[in-house]
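Chain and residue survey
Okay, here's what each chain looks like letter by letter:
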Amino acid sequence: MALPPTQAPAAGEYAGDEISALVLDCGSCSTRAGFAGEDTPKSVVPTNHASLSSGERLFGENAIHLPRADVEIRNPYNADGLVEDWDTASKLWEYTVTSRLTGARQTPPTRNGLNDDKDENGDVNMEQEAERREDEQDSPLAEYPLLMTEQPWNPVKAREKTMELAMEEWGVPAFFLAKNGQLAAYSQGKATALVVDVGHQNTSVTALWEGMVLKKSLHHAPLAGNWLNNQIRAMFATQQPPVPLVPHYMVKTKQPVDANSPSNATYVQFAKPPPDSFRRLEEERVLTAFKESVVQAWHGPGRLEAPPAPHAPNGFSNLDHVRSLPPRPFEMPDGWNTVFGADRFKVVESLFDTRAAYPSSDQPTPKPEDAIPSLVNRAVSACDVDTRPHLLNNIILTGAGSLIEKLPDRLQTDVQAMFPNPKVRVLANSNAVERKFGAWVGGSVLASLGTFHQMWVSRQEYEEFGAGVVEKRCK
Amino acid sequence: MPPFRDDQILIISPGSQTTLAQLGLPESFTPARYRLRSRMFAAEKRGEYEAVKIRRKEKSKESKPETDGEGTDGVEQSEQKQEDDENEWEEDRVSEEGAIWPMQSGRIADWPCFYALMEHVYNTVNPPFHTPVLLIAQPVWTLKDHERVTQFFFEKFKVPAFGLMDSAMATSYAYGLSNATVVDVGYQKADITCISEFMLQNVGRGLAVPDCGGEAMTQRLVQLLSGRKGFSRDVCEQLKKSPVCEILPPDVEMPGDEPASAGGADNPAAAASTGADGAVPGQRKGSGLDLPRGPGPNTEVGEEKKLEDDEGVLDIASIVTGGNMSEYLAQKEREKQEKAVAKQQQKKGSDAQQQAAARPPRLPNHKRTRNTFIYEDFALHDAMKKAGVTSQGMTEMQSALGDGPNKRQKTPEPQSAVSEKPADDAFDGVVDKGPSGGFRREIEVGTERFKAADGGILDRLADAIHRTIQACGDVNKRGDLWDSLIILGNGSRVRGFQEALLDTLNKKYIISPSSATIFTSELPSNLSTPMATGANTPQPQMPGQQQSHHGGVNPLLLAATTAQNPQLHPSGSVMGQSTHGQHMHSSHAQTPTSIKLAKIPEYFPEWKEVGYDEASFLGAQVAAKVLFIVDGGQSNGYMTRTGYNEQGPNGIHECML
């Protein structure tokens, strides 16, 4: 569909071959953006932002990790993984796109100074230019169609608001809103699948039948990455001696010490220490390192704390088995170090067996039906009987929270135990990056498909029908 | 038959301060032939730029002294007659006052000016028609920026082919490493990039980390020396660049701890006249030569107070603007004569004293409480130009100030000689070197010169490095990344900077072997990580689309490191690099268990001489050779004119490395 260069593309018809769409995947931990057709998002920005006492908001890695006294670390999302602070969220999303992809100011090629038709004096028309500047300031993303992702349980109001934001504030020429579970399936090239997305705030399950989301199947629970962080904190507190969690920014230098001995470090002296929210953010960095290098899921079969099987020799339980494995050491930023044996398995166990959760003061006791296998069970049970074998055969595990070692194996054994009859197959991409950005990659695939062109909600349609059109078009 | 010739490739590497360029690839790669300041001056016409400052000559009030100045003025006078009351203009190649720097922290802030700069670079190099261009992109440039730059080059210069390469990627070509952490310390920012298995890690990349460049150190010096009058930003900048500014390793004690021990005790005369006891910064700081002034210091000091407001580094610029120049010059003249007399007396006087005076300078820099460096005063130059001082007057001023070395075009101090030498050698006069030719003076400075990096720059940088490596998706690769740290960039040039940064990293982040697993550490506890055994070919890391996209890097870099320098990589040692380091030394899965600087292959003598601070340019040459000659476009390493015509600027994303 090559158009002669003199002819502009017809309105409402966006040639993906010529203009690539933007894909914006918003999460409560990080925000991902990039052009459709790329393999990874080129812009990944933490959703946490620094809020200065002056009211200024700073975004990006470089801004949020500077220890200063007058900064609060905030997040525009609430505990349910939905946007609460729209003003900040929109600024953050804009930052994500402009900082790495489009640049702060948009200048279409016709007017970027290269092709200027100078008037007789060789001058640029100043008035026009000033006007244009203003225009650009108002609509930073006006050049590209935009595909955004949403949580499957995103309420109608929030969806309409997103659309309004994109159309009114950013002035996008076309827009689409897709559920992130759906996109994660597309990233694996599946149209029928059961997507288990372990994110930061929430784990969600989405059943997909031939590309369509089965609404009844949508379930989510707060047992995800952030929950795991809190479990680790709780575990640290129950250790004997308790594990000191000192983030990097407080430590100036450290000396090697024996395991479990008090640390021998010099600390940074702050005239006025940064607030707790900053400390918490920096502690999460340590916890992430802990999750990456120490934590592991019990691969099954059975629960970790299940009583020994009757036929097992000398009552050898799962826990005993885990205890016999070599423990893994972990060193804190201040040099304090120890080894973690069974505990490194126990912290994940609550994702599968809520009874095993470490009691924690700042987290409510989890409900048994929120465990990941139960979520899968509930989702599958809500679907038509005929679809179940197909869904169970295509369980896609995605989300950065799912990167815990052996977690896919455990999900496989647990779901298989639940549904012994059909073949259960858990598909987890071995590439960490693809699993982290599953929804984004799916969005990138979708938006670059030629057949997707007719799906876009164009500006014209929005102007005709209003924000309500999102409910009709983006299902 | 490769589509392009070695001698017809133009490489341009723009930076916030300096833009490097070179035409053609020599047999043995050399540092960039052209070093141009990344700045332009606004021309009279709006939207147009000039490469040198054009100054309006002020002639109204000072036309008299000018005419009796020199011969050249006569010519100018006649021109003036022709043009009646037209303004008179002159080029000022020294001054940078009012310059526009189109790149700020690597970001292109002023596009028209950036285009003008590129045009200036292009015209300076003046490549023959049909020369392909390889442009080294700053990491912070957005995708849109890449498109704009591509469009500019194709449409303005009609290049037959255009390549765009990330500067961190270029650095990895210079080092020939498959895994590396590139820490590029620039002017106002630092960029930290992980390259894992030839793939640039975009996620979590430390882009333009603010306040981590050379400027941060200058600002720190300004802050430290703010108590001493005259230490302006310019002075501090040059102090930072001078060899006396050093970052001491932690085990070396700062000499200031015992004030004025050596000098003060041995030679009271020197101490008295230099203020080496450090207590009174208000005293005159003489240069090294006239230390033992002996008999009559009192009178001198008394005189100086008039104009020099009891400071060594005085603001001569303000004297000039204040119109007291001639007085000042006269005073200086008197001073000089007195000095000469004093010196003669000195010579007649005891030899022993002289020896004593000569001794302190032999100490290494880090043992001396005070040391001197040479300062080129551009503010003065500007002030004088503005006041309409003739070049005769300028020379007078220079000789008046000439305590130190006083030729206008003099060999620069060692540190900057390093950077400018290749340019001088290779070319005669075409090169727009960094500013030189300001007024030179010696300035003395105390232990502040060791504290340039005290302002937290090392901690910030270390934190950003840690963060960047921890963000690398492949946990198993992080150990390798820590083991091949590349610190480069002109900001890291300050003596001792690299060592200090490494030391900070070591002290803060290194994970020591756990005493709890000392017995179990022999067990293969990392069985879960894939063992890279017998891999003869690099394993494809990313399945699916990524292959087609980035896979091209792999053979190219291999070609770069093997085809070109076979002696360096005996049979497949590149593979060895990618496989070793999978084993961790204890059962720690945590990183870093060790931190090392990567070694650069030292087979380019010219580079070795100069240092590898601009290794990204060396990498650019290697890459240009590979992309344009060896590979010849088969792996889509650059964009051709036809490609551009078909795809438009968008297409660059598929070729960009």
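Residues numbered from 1 in each chain as written. Chains lettered and ligands numbered in written order. Predicted model: local features only at pLDDT ≥ 70, side-chain atom pairs only at ≥ 80, totals over all residues. Heavy atoms only, no water.

**Things to note about the overall build of chain B**
As a reminder of what qualifies: For helices the rule is a DSSP run of H or I covering at least 4 residues; for strands it is a run of E covering at least 2, with both sets numbered from the N terminus onward. Only protein chains enter the calculation, and the probe is 1.4 Å; a residue is then buried if its accessible area is under 20% of its type maximum, exposed if over 50%, and partly exposed in between. Note on contacts: a residue pair qualifies if any of its non-hydrogen atoms lie within 4.5 Å across the two residues. Calculation of accessible area relied on Shrake-Rupley with a 1.4 Å probe; when residues are assessed, cover is drawn exclusively from the protein chains displayed.
Tallying secondary structure elements over chain B gives 26 helices and 19 strands in all. Taken over 657 residues, chain B has a buried fraction of 54%. Considering only residue pairs separated by 6 or more positions, chain B has 74% of its internal contacts joining residues 24 or more positions apart. With the model as given, the accessible surface of chain B reaches about 27,900 Å², and the carbon-plus-sulfur share is 51%.

**Focus on the overall build of chain A**
The number of helices and strands found in chain A is 16 helices and 19 strands. The 475 residues of chain A split such that 56% are buried. A separation threshold of at least 6 residues defines the contact pool for chain A, and within that pool the share at least 24 residues apart is 68%. For chain A, the computed accessible surface area is about 20,300 Å², with 51% contributed by carbon and sulfur atoms.

**Regarding helix α19 (residues 497-509) of chain B**
Keep this limit in mind: For a helix, the expected span equals 1.5 Å multiplied by the residue count minus one.
Here α19 of chain B is 13 residues long and its end C-alpha atoms lie 18 Å apart, about the 18 Å a rise of 1.5 Å per residue gives. Every buried residue of α19 of chain B is accounted for by F497, A500, L501, L502, T504, L505, K508 and Y509 of chain B. For α19 of chain B, the elements touching its buried residues are β13 (251-255) of chain A together with β12 (180-185), α6 (214-224), α17 (457-470), α18 (478-483) and β18 (485-488) of chain B.

**Considerations on the packing of helix α6 (residues 225-238) of chain A against helix α7 (residues 276-293) of chain A**
Residues and elements named next belong to chain A. As a reminder, the rule being used: Axis definition: a line fit to C-alpha positions, over the contact stretch in the case of helices; interaxial angles, taken between N-to-C directions, run 0 to 180 degrees. Roughly parallel means an angle under 35 degrees; roughly antiparallel, over 145; roughly perpendicular, 65 to 115; everything else is oblique. Only Asp, Glu, Lys and Arg are considered charged in this grouping, and only Ala, Val, Leu, Ile, Met, Phe, Trp, Tyr, Cys and Pro are considered nonpolar; every other residue, Gly among them, is considered polar.
One way to put it is that α6 packs onto α7 with a least axis distance of 10 Å and a crossing angle of 90°. Of the possible angle classes, the one that applies to α6 and α7 is roughly perpendicular. Of the residues in α7, those in contact with G225, N226, L228, N229, N230, I232, R233, M235 and F236 of α6 are R280, E283, E284, L287, F290 and K291. Here the contact of α6 with α7 is composed, by residue class, of 6 nonpolar, 4 polar and 5 charged.

**Side note on the interface of chain B and chain A**
Heads up, the condition is: Joining two parts hides part of their accessible area as seen by a 1.4 Å probe, and the buried area is that hidden amount summed over both. Basic side-chain nitrogens of Lys or Arg form a salt bridge, by our definition, when they fall within 4 Å of a carboxyl oxygen of Asp or Glu. Under the rule applied, a polar contact is a pair of N or O atoms within 3.5 Å (in protein, one hydrogen donor and one hydrogen acceptor; residues adjacent in sequence only if both atoms are side-chain atoms).
Contact with chain B, which involves 53 residues of that partner, is made by 56 residues of chain A. Summed over both sides, the interface of chain B with chain A buries roughly 4,700 Å², with 49% coming from carbon and sulfur. Linking chain B with chain A are 4 salt bridges. Ionic pairing is found between E61 of chain A and R467 of chain B, a salt bridge with its closest N-O pair at 3.5 Å. There are 17 residue pairs in polar contact (both at pLDDT 80 or more) connecting chain B and chain A. Taken together, the elements giving at least two residues each to the side of chain B that touches chain A come down to α4 (143-157), β15 (206-210), α17, α19 and α20 (545-550) of chain B. If one sorts the elements of the side of chain B that touches chain A by residue count, α4 of chain B sits on top with 7 residues. Of the residues assigned to the side of chain B that touches chain A, the class counts are 20 nonpolar, 20 polar and 13 charged.

**Section: the environment of V149 of chain B**
All names here are of chain B. Counting through the fold element by element, V149 comes out in helix α4. The exposure class assigned to V149 is buried, which follows from its relative accessible area of 0%. For the pair V149 and M118, spaced 31 residues apart in sequence, the C-alpha separation works out to 9.8 Å. Apart from residues lying up to four places away in sequence, V149 is in contact with I108, W111, F114, L135, W141 and F162.

**What about the nonpolar core?**
All names here are of chain A. How we decide: Only buried residues count toward a nonpolar core, which is a set of Ala, Val, Leu, Ile, Met, Phe, Trp, Tyr and Cys residues joined through side-chain atoms within 4.5 Å.
If you look at the biggest cluster of nonpolar residues, it comprises 52 residues, and the most contacted ones within it are L24, W93, L146, L147, M148, W170 and F175. Breaking this core down by element, the ones donating at least two residues are β1 (22-26), β2 (30-35), α2 (86-102), β7 (146-150), α4 (156-169), β8 (174-179), α14 (438-447) and α16 (469-473). Counting residues per element, this core draws most heavily on α2, which supplies 6 residues. Look past the residues within four positions of W93 in its chain and what remains in contact with it is L24, C26, T31, Y77, V83, W86, M148, L165 and W170. Judged by nonpolar contacts, the second largest core, of 50 residues, contains V196, W227, L228 and L287.

**Things to note about α4 of chain B**
In an α-helix, one turn spans 3.6 residues, which is why side chains three or four residues apart end up on the same side. Residues and elements named next belong to chain B. With 15 residues, α4 extends 21 Å from end C-alpha to end C-alpha; this agrees with the ideal 21 Å at 1.5 Å per step. The element α4 is extensively covered by neighbouring structure, given that 13 of its 15 residues are classed as buried. K158 sits one or two positions beyond α4 and adopts a positive phi of about 50°.

**A closer look at the sheet that holds strand β19 (residues 639-640) of chain B**
Sheets are built from strands paired through backbone hydrogen bonds, the pairs being either parallel or antiparallel. Residues and elements named next belong to chain B. Counted only if it meets this: When DSSP finds two or more bridges between two strands, those strands count as paired.
Read from one edge of the open sheet, 6 strands run β3-β2-β1-β10-β11-β19, paired in mixed fashion. Edge positions in the sheet fall to β3 (34-37) and β19, since each of these pairs with one other strand and no more. Here 4 bridges tie strand β1 (residues 10-13) to strand β2 (residues 18-23), and the two strands are oriented antiparallel to one another. Its bridge partner lying in β2, L10 is registered against L23. The sheet contacts of helix α5 (residues 167-175) involve β10 (133-137) and β11 (161-166), and relative to β11 the element is tilted by about 85°. Of the strands in this sheet, β1, β2, β10 and β11 are in contact with helix α24 (residues 615-630), which crosses β10 at around 140°.

**Concerning the packing of aromatic side chains**
This is how the line gets drawn: Between the rings of Phe, Tyr and Trp (Trp by its six-membered ring), a pair exists once the centres lie within 6.5 Å; its type follows the angle of the planes, with under 30 degrees stacked, over 60 edge-to-face, and the other angles tilted.
Going through the model one piece at a time under the given rule, you end up with 29 aromatic pairs over all chains. A network of ring pairs unites the aromatic residues W111, F114, Y115, Y122, W141, F152, F153, F154, F157, F162 and Y644 of chain B as a single cluster.

**Describing empty space enclosed by the protein**
Picture a little ball the size of a water molecule; that probe, rolled over the atoms, points out where space is still empty. Residues and elements named next belong to chain A. The condition that has to hold: Grid points spaced at 1 Å over the protein atoms alone were grouped into cavities, where a 1.4 Å probe fits but cannot get out, and pockets, open sets with protein on both sides within 12 Å along at least five of seven lines, with lining residues defined by an atom within 4 Å of a point. Grid points are joined across faces, edges and corners, and a volume is the space filled by probe spheres set on the points.
On inspection of all chains with the given rule, the structure shows 5 cavities of 30 Å³ or more. There is about 130 Å³ of room inside the second largest cavity. Looking at the lining of the second largest cavity, the elements with two or more residues in it are α2 and β7. Per-element tally for the lining of the second largest cavity: the top contributor is β7, with 3 residues. In the lining of the second largest cavity, the residues fall into 8 nonpolar, 5 polar and 1 charged.

**Observations regarding the sheet that holds β7 of chain A**
Residue and element names in this part refer to chain A. Spatially, 6 strands are ordered β3-β2-β1-β7-β8-β19 in an open sheet, and the strand pairing comes out mixed. The sheet terminates laterally at β3 (43-46) and β19 (457-458), the two strands that pair on one side only. Bridge analysis of β7 against β8 gives 5 bridges, and the strand direction is parallel. Within β8, the residue paired with E150 across the bridge is K179. Contacting β7, β8 and β19, α4 crosses the sheet at an angle of about 150° to β8. Along the sheet, α14 contacts β1, β2 and β7; its crossing angle with β1, the most-contacted strand, is approximately 155°.

**So, unusual backbone geometry**
Note on backbone geometry: most residues besides glycine have negative phi, and most peptide bonds are trans. Cis geometry marks the peptide bond from Q240 of chain A to P241 of chain A; its omega dihedral reads -10°. Tracing the sequence through the fold places P241 of chain A in the loop between α6 and β13. P592 of chain B follows T591 of chain B through a cis peptide bond whose omega is -5°. Positionally, P592 of chain B belongs in the loop between α22 (573-579) and α23 (605-610).

**Quick word on the pattern of salt bridges**
With the rule as written, the count across this model stands at 43 salt bridges over all chains. Across the pair E284 of chain A and R233 of chain A runs a salt bridge, and its minimum N-O distance is 2.9 Å. Here the residue E284 of chain A occupies a position in helix α7, and R233 of chain A occupies one in helix α6, the gap between them amounting to 51 residues. The same class applies to E284 of chain A as to R233 of chain A, namely buried. As a salt-bridge pair, E461 of chain A and R473 of chain A come within 2.1 Å of each other at their nearest N and O atoms. One end of the pair, E461 of chain A, is in helix α15 (residues 459-465); the other, R473 of chain A, is in helix α16, and 12 residues separate them in sequence. With a relative accessible area of 22%, E461 of chain A lands in the partly exposed category. By sharing partners, the salt bridges in this structure join E215, R233, D234, E237, K240 and K241 of chain B into a single network.

**Regarding the environment of M639 of chain B**
Secondary-structure assignment places M639 of chain B in strand β19. Filtering out sequence-adjacent residues up to four positions away, M639 of chain B remains in contact with T150, F154, P160, A161, F162, Y644, Q647, G648, G651, I652 and C655 of chain B.

**What about the confidence of the model for chain A?**
What counts, and what does not: The predictor rates its confidence in each residue with pLDDT, a number between 0 and 100.
Of the residues in chain A, 88% reach a pLDDT of 70 or more, and the chain-wide mean stands at 86. Note on residues 106-124 of chain A: pLDDT is under 50 here. Beyond four places in sequence and across chains, it has 28 contacts.

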